Amino acid sequence: MQIHVIEGNQNLRSLLAWHLQQEGYQVQQSATLAQAYQRCKQELPTLAIVDSDLPDGTGLEFCQWLFPQGNSLMLMLSARIQERDLVGALQAGVDDYLKKPFGMPEFLARVGALLRRSRLAVTIPTDLTYGHLRIDLVRRCVYLRDRTRNFDGDRLDRVSSSARSSDLRIDLSPQEFSLLYVLAQANGRPVHRSELLKRAWDVDIDNPRTVDTHVLTLRKKLGHPDPIETVRKVGYRLNY
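Since the structure is predicted, the reported quantities are computational estimates derived from the model, not experimental observations.

1. Remarks on the overall build of the chain
Part 1 of the reasoning: When you go through the chain residue by residue, the secondary structure sums to eight helices and 15 strands.
Part 2 of the reasoning: Put simply, the chain has 240 residues, and 43% of those count as buried.
Part 3 of the reasoning: Here the analysis covers contacts within the chain between residues at least 6 apart in sequence; of these, 58% occur between residues at least 24 apart.
Part 4 of the reasoning: Total accessible area on the chain stands at roughly 13,300 Å², and carbon and sulfur atoms take up 49% of it.

2. Re the pairing of strand β7 (residues 96-99)
Part 1 of the reasoning: Two strands pair when backbone bridges link them, and strand β6 (residues 73-78) and β7 are joined in this way by four bridges, in the parallel orientation. The residue bridging S78 from the neighbouring strand is K99, located in β7.
Part 2 of the reasoning: Each parallel crossover has a hand, and for β6 linked through helix α4 (residues 83-91) to β7 it is right-handed.

3. Here's the deal with the pattern of salt bridges
Any two side chains of opposite charge can pair, on the condition that their charged atoms come close.
Part 1 of the reasoning: Taken as a whole and judged by the stated rule, the model has 13 salt bridges.
Part 2 of the reasoning: For E195, the salt bridge goes to R199, with nearest N and O atoms at 3.0 Å. Of this pair, E195 and R199 both sit in helix α7 (residues 193-200), four residues apart, which is roughly one turn of that helix.
Part 3 of the reasoning: With a closest N to O distance of 2.8 Å, R209 and D212 form a salt bridge. You can see R209 and its partner D212 sitting in helix α8 (residues 209-222), three residues apart, about one turn around the helix.
Part 4 of the reasoning: Relative accessible area serves as the criterion here: at 56%, R209 is assigned to the exposed category.

4. Focus: the nonpolar core
What tends to happen in soluble globular proteins is that the nonpolar side chains get buried as a cluster.
Part 1 of the reasoning: Counting 26 residues, the largest nonpolar core has V142, L180, L196, L222 and I228 as its most contacted members.
Part 2 of the reasoning: Per-element tally for this core: the top contributor is helix α6 (residues 174-185), with six residues.
Part 3 of the reasoning: Those residues in contact with L196, other than ones at most four positions away along the chain, are L179, V182, L183, V191, W201, V211 and Y236.
Part 4 of the reasoning: Residues L47, L75, L77 and F102 belong to the second largest nonpolar core, which totals 20 residues.

5. Quick word on the packing of helix α2 (residues 33-42) against helix α3 (residues 59-66)
Part 1 of the reasoning: Where α2 contacts α3, the two axes come as close as 11 Å, and the packing angle between them is 15°. Between α2 and α3, the angle falls in the class roughly parallel. Regarding α2 and α3, the two cross each other, and that crossing is right-handed. Listed contacts from α3 to L33, A36, Y37, C40 and K41 of α2 are E61, F62 and W65.
Part 2 of the reasoning: Of the residues belonging to the contact of α2 with α3, the class tally is six nonpolar, no polar and two charged.

Rules used throughout
- Per-chain numbering applies: the sequence of each chain, read as written, is numbered from 1 onward.
- Totals for whole chains, interfaces and linings use every residue, but because this is a predicted model, local features are given only for residues with pLDDT of at least 70 and side-chain atom pairs only at 80 or more, for both listing and counting.
- With hydrogens and water stripped out, all remaining heavy atoms of the structure feed into the side-chain values.
- In this text, helices come from DSSP runs of H or I with a minimum length of four residues, and strands from runs of E with a minimum of two, each type numbered from the N-terminal end.
- Each residue is placed in one exposure class: buried if its accessible area under a 1.4 Å probe, protein chains only, is under 20% of its type's maximum, exposed if it is over 50%, and partly exposed if it falls in between.
- Here, two residues are considered to be in contact whenever any of their heavy atoms come within 4.5 Å of each other.
- The protein chains shown are the only cover counted for residues, whose accessible areas, like all others here, come from Shrake-Rupley with a 1.4 Å probe.
- We treat two strands as partners when DSSP finds at least two bridges between them.
- Seen with its strands pointing away from the viewer, a crossover is right-handed if its path from the first strand over the helix to the second goes clockwise.
- Salt bridges are defined as contacts in which a side-chain nitrogen from Lys or Arg sits within 4 Å of a carboxyl oxygen from Asp or Glu.
- Take the buried residues of types Ala, Val, Leu, Ile, Met, Phe, Trp, Tyr and Cys, join any two whose side-chain atoms come within 4.5 Å, and each joined set is a nonpolar core.
- Interaxial angle, 0 to 180 degrees, is taken between N-to-C directions of lines fitted to C-alpha atoms, where a helix line uses only the stretch in contact.
- Our angle categories are set so that under 35 degrees counts as roughly parallel, over 145 as roughly antiparallel, 65 to 115 as roughly perpendicular, and the remainder as oblique.
- The hand of a helix crossing depends on one turn: near helix anticlockwise from the far one by less than a right angle means left-handed, and clockwise means right-handed.
- Residue polarity is assigned by list, with Asp, Glu, Lys and Arg as charged and Ala, Val, Leu, Ile, Met, Phe, Trp, Tyr, Cys and Pro as nonpolar; anything else, Gly included, falls into the polar class.

Shown next, in the form of structure tokens:
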């Protein structure tokens, strides 16, 4: 689940992001409304944590913009304690309102409660199917589908994780599976090499050629037609 922290105070923003990352969440950070708009236009977060007062505008106007964009949850942080401020935030679509100053245990508890609500509202697929590939998210395995069976016309099939004896398993290393999974999560969007290094590797690596090397071995194992497309001057994307 992706959390986007939009907070003008650098120290507070970094502190919140660090604690969220320690809880296992993926975190993006923005210091201004302009940064937040740009990043959310590329990918909507599961939860947006928004300060009410930002250097280039108010968190309220951002929430009013974000609310109709999709199903992102919103937690507003504010030093304002007037009832009209709380009412205005709720009317803008905010799901929860936390007054500053606050303790970290309460903050994390509110985040957890909001994300549990998101999990109850969304059925998470256990398998993803791309072309002739089936990605088992539970067992972290990849299979070559039996092409004699019929599938519907959807580009991305979301199916159960029941075993299919007719599918051929492709042996991938844990790193290769993580790389393929990050590409699959992008839903056809090109993913930059730097983003792949950040999300698919659990250690800090600066060399983008590491991605190229793993994509090459992954392509050899996946066979033809090749589901991984090279996007020039960007990185890679998974074809549907």
